[in-house]
Amino acid sequence: MRVTVHQLAKAYGYFWALRDLEIQVAGGERVALLGPNGAGKTTLLNLLAGLIYPTRGEIRFDGAPLTRQSNAQRAAIGLLSPGEHLYDDLTARENLEFFTALYDRQRGPINIDNAIEETLEAVGLGRWAGEYAGALSSGMKCRLSVAKWKLLSPKLLLLDEPYGVLDGGGVDLLESFLKAQSEQGSVVIIASHHVARVLDLCTRAMILEQGKLIFDETRREPWDSFARAFGAFTPGGNR
Amino acid sequence: MPQVTGKKRKGILGAATLVFIIAGLYWGLVKAPPDAYQGDSQRIMYLHIPSILIAYLSFFLVFVGSCLYLWKREKRDDNLAYGAAEIGVLFTALTIVEGSIWGRPTWGVWWTWDARLTLTAILLLIFIGYLMLRALVEDESRAASSAAILGIIGFLDIPLIHMSVYWWRTLHQPPSILRPDKVPWENIHPELLTALAINFVAFVLLYFYMLSLRLRLGEMHEEIKARRMR
Amino acid sequence: MKLLRQTLLLLRKDLLLELRRHESLMTMFFFGAQLLFVFNFSFELTPARVSELAPGLLWLAFLFTGTLGLTQLFEGERGNHCLDALLMSPIDRGALFLAKTCFNIFLMGLVELVVMPLFWILFSLPSWQPLPALFLIVFLGNVGFCVLGTILAAVTLKARARELLLPLVLFPLMVPVILATIRCMEALLRFGELGDALPWLRLLIGFDVIFLTVGILIFDWVVDV
């Protein structure tokens, strides 16, 4: 999987949420997407997920443009926002059953029912598999989202602030899942404000500010240049 | 040949429109003889028939603009559909008002559920729905694509609406006295046809003049937007 | 086949959610039943007049309850942005259209199955004979109403005041369905057979087929930003 973003721009009203973005990410990379509120992180994730349409520019996956998504492209992209994209009135298990069927994972070589049970156990939801998703706490819902994408295993996994509601065990679970995904050649992009955590996990960092990419560097131990650039928007940091 | 600028072209179009409207008024009001049965009230037909044809033309252009927009996502095509719809509302409403003015002396009522009147009223409602939709969707590209879908569906629906409304008035009820007779083209006075033709040309010119202004307005909106972008 | 399988999957999910939430069916049913009372107060429905007015009144009641269903159609997908989840998934958008259409047809059908006999009882219509044929006509009307209604419900999804906007754009386009259904029902009630109303039936079926096809083809653009 290779993601190429070329001259990407998105306007809301009279306001550029993103402008002239040039990004190339290859499979196996884990990208930390950082930046203050309103920098355009979620807009970028939504554009990559195909939920909104760019005002200008293009996005390519392995060379194929995303402007009119094919089903194959959609199957390869996952967006994990904690608590979102789950049916509150379906049980945890039913949610997973529904989405695996939707992504046509029912007829693979593995028995999907077993896989669902195993995954539920693995994310620590075994006891709550029969509960409605709406009755789960926000942390458990987030674990359910992790279980969903674990089963669907997308080639491009986008995460929108996944850390906020997870406990320590949940974070470990999420991070080992993300590492496993990128080791399989998937691209992982995480937008987050939990800078220390996300930098620790990722192999590359990008900073957006006012819709522009102001920093983009692959990890070299330690994050020297990054720490300097990052001072630009931490509370108390001076420009 | 010197290059004709957009402004100049519009000026020529506007002048031609004016000439044809004056000629049309002269022919329609003075030169053409009054109708044998309906007298002078028939003269409104010189406006009425062109306006309804223009209304249909608008629908067609909305359809064309909508298809093009969904296909290529060019703001220009959306502008065409939007502009055609706005002017379409004007001409559809005009058609109904003219019909009413004509209906009062001819049929004795302002309004009757005649097939043509009903159909025109439905067209007006569809156009208004289209504009309402545009006004109520905030996101611009979303408004454009939503409206484009409605424009396409509305256009596809028109033949069915047309058929059903005509059947409703003919199959269901016996033809009433209020039903307007079909225009007997062969018995028509040549001056009447000339007046109609001139007015038709005048309306088409007027329509495209208005549309070109409307398209320019759309472009200017885009320019303003580009300048105000932060 | 894939289209059908995905449609059934989505439809099953919608039915399951309706079973648990009771959001649409009950409101639609009680609204339809209430309309019968309102009609009674407004029209002085004597047995002589009721046969004549029945087709129009019934179809009007179904039109309103159907609109109620349409405004709720995508409401269940709003919580947790579930519609986004569906749109991001690799399903054919035509399947989404078909599932939502079938769901609303099903709800309208259930309401009608109760409301129509209720009408017969409340207004003591003389003959129950035409009822099955009437159901069939009403069903075809439902199909036409729901195919176009689903497209427009999706089109108005991101609009402000969408519940008010939907009937406004929908009803003018629905004229062929309204006229055809009522004319067919009239013929059935008056003569016990379609007779002269046969062209209306053809128009109704034509409308259903045309917009069902258009819906499947166009829905990709409808839900696409």
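Please read these numbers as outputs of a predicted model, since none were measured by experiment. (Residues numbered from 1 in each chain as written. Chains lettered and ligands numbered in written order. Predicted model: local features only at pLDDT ≥ 70, side-chain atom pairs only at ≥ 80, totals over all residues.)

(A) The arrangement of the overall build of chain C in detail. Scanning chain C for helices and strands turns up nine helices and zero strands. Tracing chain C from N to C terminus, the helices and strands come up as α-α-α-α-α-α-α-α-α. For chain C, whose C-alpha radius of gyration is 18 Å, the value lies close to the compact-globule estimate of 17 Å for 225 residues. C-alpha atoms of chain C, sized along the principal axes, occupy 55 × 35 × 30 Å. Among the 225 residues that make up chain C, the fraction classed as buried is 50%. Partitioning the intrachain contacts of chain C with sequence separation of at least 6 by distance along the chain shows that 81% fall at a separation of at least 24. (Helix = DSSP H or I, 4+ residues; strand = E, 2+ residues; numbered from the N terminus. Rg over C-alpha atoms; globule rule 2.2 N^0.38 Å. Buried ≥ 20, exposed ≤ 12 C-beta atoms within 10 Å, placed from the backbone. Contact = placed C-beta atoms within 7 Å.)

(B) Broad picture of the overall build of chain A. When helices and strands are tallied, chain A shows eight helices and 10 strands. Here chain A holds 239 residues, and the buried ones make up 44% of them. For chain A, contacts bridging at least 24 residues in sequence account for 70% of all contacts bridging at least 6.

(C) Focus on the confidence of the model for chain A. Residue and element names in this part refer to chain A. The predicted model of chain A averages 86 in pLDDT, with 89% of residues at 70 or higher. Here helix H8 (residues 224–230) stands out as the element of chain A with the lowest mean pLDDT, 56, in contrast to strand S8 (residues 187–191), whose mean of 95 is the highest. Low confidence marks residues 232–239, where pLDDT is under 50. Its contacts with residues over four positions away, or in another chain, come to six contacts. (pLDDT = per-residue confidence, 0-100.)

(D) Fine view of the interface of chain C and chain B. Each side of the interface is counted separately: chain C has 27 residues, and chain B has 30 residues. Those elements that provide at least two residues to the side of chain C that touches chain B are helix H6 (131–155), helix H7 (162–173), helix H8 (175–191) and helix H9 (198–223) of chain C. With seven residues, the single largest contributor to the side of chain C that touches chain B is H9 of chain C. By residue class, the composition of the side of chain C that touches chain B is 21 nonpolar, one polar and five charged. (Nonpolar A, V, L, I, M, F, W, Y, C, P; charged D, E, K, R; others polar.)

(E) Looking closely at the packing of H6 of chain C against H9 of chain C. Residues and elements named next belong to chain C. Closest axis-to-axis distance for the H6/H9 pair is 9 Å, and the angle between their directions is 20 degrees. As summarised for this structure, H6 and H9 are arranged roughly parallel, according to the angle between their axes. Considering how the two elements wind past one another, H6 and H9 form a crossing that is left-handed. Residue-level contacts link Leu140, Gly141, Val143, Gly144, Val147, Leu148, Thr150, Ile151, Ala154 and Val155 of H6 to Leu204, Ile205, Phe207, Asp208, Phe211, Leu212, Gly215, Val222 and Val223 of H9. Looking at side-chain class alone, the contact of H6 with H9 contains 14 nonpolar, four polar and one charged residues. (Axes fitted to C-alpha atoms, helices over the stretch in contact; angles between N-to-C directions. Parallel < 35°, antiparallel > 145°, perpendicular 65-115°, else oblique. Left-handed = near helix turned anticlockwise from the far one by under 90°.)

(F) Structural context of the pairing of strand S4 (residues 56–61) of chain A. Residues and elements named next belong to chain A. Summarising the sheet, strand S1 (residues 2–12) and S4 pair through five bridges and their orientation is antiparallel. Note on S4: the bridge partner recorded for Thr4 is Arg60. Both S4 and strand S5 (residues 64–65) contribute to a ladder of two bridges, which runs antiparallel. Among the inter-strand pairings, Arg60 is bridged to a residue of S5, identified as Pro65. Once S4 ends, the chain turns through two residues before running back antiparallel as S5, passing Asp62 with a positive phi of about 50 degrees. (Pairing = 2+ DSSP bridges.)

(G) Quick peek at the environment of Thr17 of chain B. Residue and element names in this part refer to chain B. As for its position among the elements, Thr17 is in helix H1 (residues 6–31). Distance from Thr17 to Tyr166, taken between C-alpha atoms, is 34 Å for residues 149 residues apart in sequence. Dropping the residues within four chain positions of it, Thr17 is found in contact with Ala202, Leu205, Leu206 and Tyr209.

(H) Representation of helix H2 (residues 25–43) of chain C in the model. Residues and elements named next belong to chain C. Across its 19 residues, H2 extends 27 Å between first and last C-alpha, which sits within 8% of the 27 Å expected from 1.5 Å per residue. Among the residues of H2, those classed as buried are Met28, Gly32, Leu35 and Phe39. Within H2, the buried residues cover an arc of 50 degrees as seen down the axis, which keeps them to one side. Among the exposed residues of H2, those pointing more than 90 degrees away from its buried face are Met26, Phe30, Phe37, Val38 and Phe41. Next to the buried residues of H2 lie helix H3 (47–73) and helix H5 (93–122). (Expected span 1.5 Å × (residues − 1). Arc of directions from axis to C-beta.)

(I) Region of the structure containing the interface of chain C and chain A. Tallying the contact residues gives 17 residues for chain C and 22 residues for chain A. Of all the elements in the fold, those that place two or more residues in the side of chain C that touches chain A are helix H1 (2–21) and helix H4 (82–88) of chain C. Its residues assigned to classes, the side of chain C that touches chain A shows nine nonpolar, four polar and four charged.

(J) Layout of the sheet that holds strand S6 (residues 77–80) of chain A. All names here are of chain A. Pairing is mixed in the open sheet, where six strands are placed in the order S6-S7-S8-S3-S9-S10. The open sheet terminates on both sides in strands that have one partner only, identified here as S6 and strand S10 (212–218). The mean angle between the axes of side-by-side strands here comes to 15 degrees, regardless of whether they run parallel or antiparallel. Alignment of strand S9 (residues 204–209) against S10, held across six bridges, turns out to be antiparallel. Its bridge partner lying in S10, Glu209 is registered against Lys212. Sheet strands touched by helix H1 (residues 41–49): strand S3 (30–34), S6, strand S7 (156–160), S8 and S9. Its angle to S7, the strand with the most contacts, is close to 150 degrees. Contacting S3, S7 and S8, helix H6 (residues 168–183) runs over the sheet at an angle of about 145 degrees to S8.

(K) Structural view of unusual backbone geometry. The backbone phi angle of Asp20 of chain A is positive, close to 45 degrees, even though this residue is not glycine. Mapped onto the secondary structure, Asp20 of chain A falls in strand S2 (residues 15–26). Phi angles above zero are rare outside glycine, and His81 of chain C is one such case at about 55 degrees. The topology assignment puts His81 of chain C in the loop between H3 and H4. Among the residues examined, His81 of chain C registers 18 C-beta atoms within 10 Å and is labelled partly exposed.

(L) Structural view of the sheet that holds S1 of chain A. Within the open sheet, the four strands sit side by side as S2-S1-S4-S5 (chain A). Their pairing is antiparallel. In this open sheet, the two edge strands, each paired with only one partner strand, are S2 and S5 of chain A.

(M) Representation of the environment of Met210 of chain B in the model. Residues and elements named next belong to chain B. Note on placement: Met210 falls in helix H6 (residues 190–228). According to the C-beta neighbour criterion, Met210 is buried, with 20 such atoms within 10 Å. Distance from Met210 to Leu13, taken between C-alpha atoms, is 9.8 Å for residues 197 residues apart in sequence.

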